[in-house]
Amino acid sequence: TDWAAIFPNVQNPEYEFYSFFSAAVEAICIERMADACHNLRELGELEIVATQELQLVADFIDEFPRIATYGNRTPATFLDLARCLRLMVSAMNRACGRGTVGDIVKELPDREPYRMLSYFAERVSAAIRLKTNIGPQTVGFKFCLDDCEVLSRLQRKSLNSLVRLSRAPCSWVVSSVGGGRD
């Protein structure tokens, strides 16, 4: 994708890619969090009241309303939100392959890198409790990324910023195979 051609009037088109890529990574992370919360609740491993889940999702969509446009209805539950985010990332991937990134950028959530992820993770972590032998515990979210050696310089820069900006309850494990010397 030629970002300079897509954004000819932007002083630094690399920033547009940086923002686009971090939005995709954040959406994938939130989708995985929402899906995990849904699955753990169904297994009886997580404490959350149904009204809390509905409010968390509603507040997130109020903050980032463009996400709702990727579903056939406004998401209400963790599962609905995960579905919308999967559809959003799929649309982003298709836009890259078809050369229509300039069109989809206007449809993506308006946010600074890490803002979307922190907004969701901090609120979910404050609301849910993991059931353990020693009683309910707060949760954190660890995102594991492998094979990062295949990422471009700009993708690594974007990912590095997400890692640098992160604070509890988010943490990262990022791995890549080095050059000739390991």
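What you see is a predicted model; the values in this text were computed from it and never measured. Every chain is numbered independently, its residues counted from 1 as its sequence is written. Local features in this predicted model are restricted to residues of pLDDT 70 or higher, and side-chain atom pairs are both shown and tallied only at a pLDDT of 80 or more, whereas totals for entire chains, interfaces and linings draw on every residue. With hydrogens and water stripped out, all remaining heavy atoms of the structure feed into the side-chain values.

**Topic: the pattern of salt bridges**
Reasoning step 1: Whenever a carboxyl oxygen of Asp or Glu lies within 4 Å of a side-chain nitrogen of Lys or Arg, that contact is scored as a salt bridge. One pass over the structure, following the stated rule, counts nine salt bridges.
Reasoning step 2: When the shortest N-O distance is used, the salt bridge between Asp-80 and Arg-83 registers 3.4 Å. Of the two residues, Asp-80 and Arg-83 are both situated in helix 4 (residues 78-98); the distance of three residues between them amounts to about one turn of the helix.
Reasoning step 3: Residue Arg-167 is joined to Glu-122 by a salt bridge in which the shortest nitrogen-to-oxygen separation is 3.0 Å. Of the two residues, Arg-167 sits in the loop between helix 7 (153-165) and strand 4 (170-174) while Glu-122 sits in helix 6 (residues 115-127), which places them 45 residues apart along the sequence.
Reasoning step 4: A 1.4 Å probe rolled over the protein chains alone gives each residue an accessible area, and that area as a share of the maximum for its type sets the label: buried under 20%, exposed over 50%, partly exposed in between. Its relative accessible area of 45% is what places Arg-167 among the partly exposed residues.
Reasoning step 5: A network of salt bridges, in which partner residues are shared, links Glu-31, Arg-32 and Arg-86. Numbering of helices and strands runs from the N terminus; a helix is a DSSP stretch of H or I covering at least four residues, while a strand is a stretch of E covering at least two.

**Some remarks on the environment of Glu-45**
Reasoning step 1: The residue Glu-45 is located in the loop between helix 2 (13-42) and strand 1 (46-47) in this model.
Reasoning step 2: Glu-45 sits 91 residues away from Pro-136 along the chain, and the two C-alpha atoms are 9.7 Å apart.
Reasoning step 3: Only heavy atoms matter for contacts: two residues are in contact if any of them lie within 4.5 Å across the pair. Aside from chain neighbours lying at most four places away, what touches Glu-45 is Leu-40, Arg-129, Leu-130 and Lys-131.

**Here's the deal with the nonpolar core**
Reasoning step 1: The criterion is simple. A nonpolar core is a set of buried Ala, Val, Leu, Ile, Met, Phe, Trp, Tyr and Cys residues joined through side-chain atoms within 4.5 Å. Counting 56 residues, the largest nonpolar core has Phe-60 and Ile-67 as its most contacted members.
Reasoning step 2: Secondary-structure elements contributing two or more residues to this core are helix 2, helix 3 (50-63), helix 4, helix 5 (101-105), helix 6, strand 3 (141-145), helix 7 and strand 4.
Reasoning step 3: Top element by residues in this core is helix 2. It accounts for twelve residues.
Reasoning step 4: In this structure Phe-60 touches Ile-30, Ile-67, Leu-81, Met-116, Tyr-119 and Phe-120, once residues within four positions along its chain are discounted.

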